[in-house]
Amino acid sequence: MTVTTARIEPQSKATSPRSRLDFEDVYRVHVGALTAFFARRCREPQEVADLTSQTFVEAIRSAHTYRGSGSPRAWLIAIARAVYARRCAAASQGSELVEALGGQLELGHDEIEDLAARIDAQRDGRELLMAARRLSAVEHEAIELVDLTGLTPTEAAQVLDVSANVLRVRLFRAHSKLRKELKR
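Just so we're clear, the structure is a prediction, and the values are computed from it rather than from any experiment.

Bringing the overall build of the protein into the picture now. For the protein, the helix and strand inventory stands at 8 helices and 2 strands. Listing each helix as α and each strand as β along the protein from the N terminus yields β-β-α-α-α-α-α-α-α-α. A total of 184 residues make up the protein; the buried ones form 42% of that total. Long-range pairs, those at least 24 residues apart, make up 66% of the contacts in the protein with a sequence separation of at least 6.

Okay, here's the thing in structure tokens:
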């Protein structure tokens with residue numbers, strides 16, 4: 001997928017340098033993290049590519065919501081969570097997800113193989129998430145966002161809309177519970 005260079009600034013009179021997003025750079029830096037995020041949830045390369053694409057489309061559409069506080073990565077993961085939630089809701093209602101780009105992205109053979117390898121590489125992450133299913137929702141999300149996605153606890157707290165201290169406590173508890181579970 002090709003992303004053109006575009007600087008998108010939030011709608012305010014005084015924008016700081018941190019509040020500007022250069023989507024070409026944002027895409028290059030974060031496409032791998034978003035692909036991994038969806039690869040832990042989906043088994044089909046086409047679906048991973050479509051959801052990743054849709055996340056960037058949503059990010060461009062909602063660039064005005066980026067306030068420069070927090071990292072673009074945390075902001076993108078929050079958008080990816082919403083995109084995936086909508087996909088799950090559409091699937092549970094038996095309807096198809098309408099693609100923002102007017103249809104599915106056509107992938108070449110090499111791209112499909114690359115995405116299949118990325119999905120396979122997320123096998124351990126999927127297993128960890130399966131083990132974490134018994135944890136509370138915040139603990140489960142904290143494990144994924146910090147341990148698998150690589151967000152800092154502060155960034156993960158922003159994504160989950162909880163305080164950083166709450167997230168750190170939940171993450172500590174989650175790690176303790178998982179260690180006990182895996183010893184059995």
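What follows covers the packing of aromatic side chains. Across all of its chains, the model carries 3 aromatic pairs by this definition. A centroid spacing of 6.5 Å and a plane angle of 45 degrees characterise the contact between Phe38 and Tyr84, whose relative ring orientation is tilted. Of this pair, Phe38 sits in helix α1 (residues 23–39) while Tyr84 sits in helix α3 (residues 72–92), and the two are 46 residues apart along the sequence. Taken together, Phe37, Phe38 and Tyr84 form an aromatic cluster joined through their ring pairs. One residue, Arg41, lies across the ring of Phe37, its end atom 3.8 Å from the ring centre. Directly above the ring of Tyr84 sits Arg41, whose terminal nitrogen or CZ lies 5.5 Å from the centroid.

The tally for this structure, following the rule as stated, stands at 8 salt bridges. With a shortest N-O distance of 3.7 Å, Glu58 and Arg86 are connected by a salt bridge. Of this pair, Glu58 sits in helix α2 (residues 45–61) while Arg86 sits in helix α3, placing them 28 residues apart in sequence. You can call Arg86 partly exposed: its relative accessible area is 37%. Overlapping salt bridges, with partners in common, bring together Arg40, Arg41 and Glu144 in one network.

Right, let's talk about the environment of Val48 for a bit. Assignment of secondary structure puts Val48 in helix α2. Separated by 71 residues in sequence, Val48 and Ile119 have C-alpha atoms that sit 8.4 Å apart. Beyond its immediate stretch of four places on either side in the chain, Val48 contacts Thr35, Phe38, Ala39, Cys42, Leu115 and Ile119.

Bringing the packing of helix α6 (residues 137–148) against helix α8 (residues 164–183) into the picture now. Taken N-terminus to C-terminus, the directions of α6 and α8 make an angle of 95 degrees; their axes are 9 Å apart at the nearest point. Comparing the axis directions of α6 and α8 gives the class roughly perpendicular. Of the residues in α8, those touching α6 at Val138, Glu139, Ala142, Ile143, Val146 and Asp147 are Leu167, Arg170, Leu171, Arg173, Ala174, His175, Lys177 and Leu178.

Before going further, it helps to examine α2. Spacing of three or four residues puts side chains on the same side of an α-helix, whose turn is 3.6 residues. End to end, α2 covers 24 Å across 17 residues, agreeing with the expected 24 Å (1.5 Å per residue, within 8%). The buried count for α2 comes to 13 of 17 residues, which makes it a mostly enclosed element.

Before going further, it helps to spend a moment on unusual backbone geometry. Across residues other than glycine, the phi torsion is negative in most instances, and most of the peptide bonds are trans. Phi is positive for Asp161, close to 60 degrees, though the residue is something other than glycine. On the secondary structure map, Asp161 appears in the loop between α7 (153–160) and α8.

Assignment of secondary structure puts Cys42 in the loop between α1 and α2. Sequence separation between Cys42 and Ile119 is 77 residues, and the spatial gap between their C-alpha atoms is 7.6 Å. Contacts of Cys42, omitting those with residues within four sequence positions, involve Glu47, Val48, Leu51, Tyr84 and Ile119.

This part is about the packing of helix α5 (residues 123–131) against α6. Contact geometry for α5 and α6: axes closest at 10 Å, N-to-C directions at 155 degrees. Looking at the two axes, α5 sits roughly antiparallel to α6. In the crossing of α5 with α6, the sense of the turn from one axis to the other is right-handed. Here α5 contributes Gly125, Leu128 and Leu129 to the contact with α6, which in turn contributes His140, Ile143, Glu144 and Leu148.

About the criteria used
Residues numbered from 1 in each chain as written. Predicted model: local features only at pLDDT ≥ 70, side-chain atom pairs only at ≥ 80, totals over all residues. Heavy atoms only, no water. Helix = DSSP H or I, 4+ residues; strand = E, 2+ residues; numbered from the N terminus. Buried < 20%, exposed > 50% of the residue type's maximum accessible area, 1.4 Å probe, protein only. Contact = heavy atoms within 4.5 Å. Phe/Tyr/Trp six-rings, centres within 6.5 Å; stacked < 30°, edge-to-face > 60°. Lys NZ or Arg CZ within 6 Å of the ring centre and 35° of its normal. Salt bridge = Lys/Arg side-chain N within 4 Å of Asp/Glu carboxyl O. Axes fitted to C-alpha atoms, helices over the stretch in contact; angles between N-to-C directions. Parallel < 35°, antiparallel > 145°, perpendicular 65-115°, else oblique. Expected span 1.5 Å × (residues − 1). Left-handed = near helix turned anticlockwise from the far one by under 90°.

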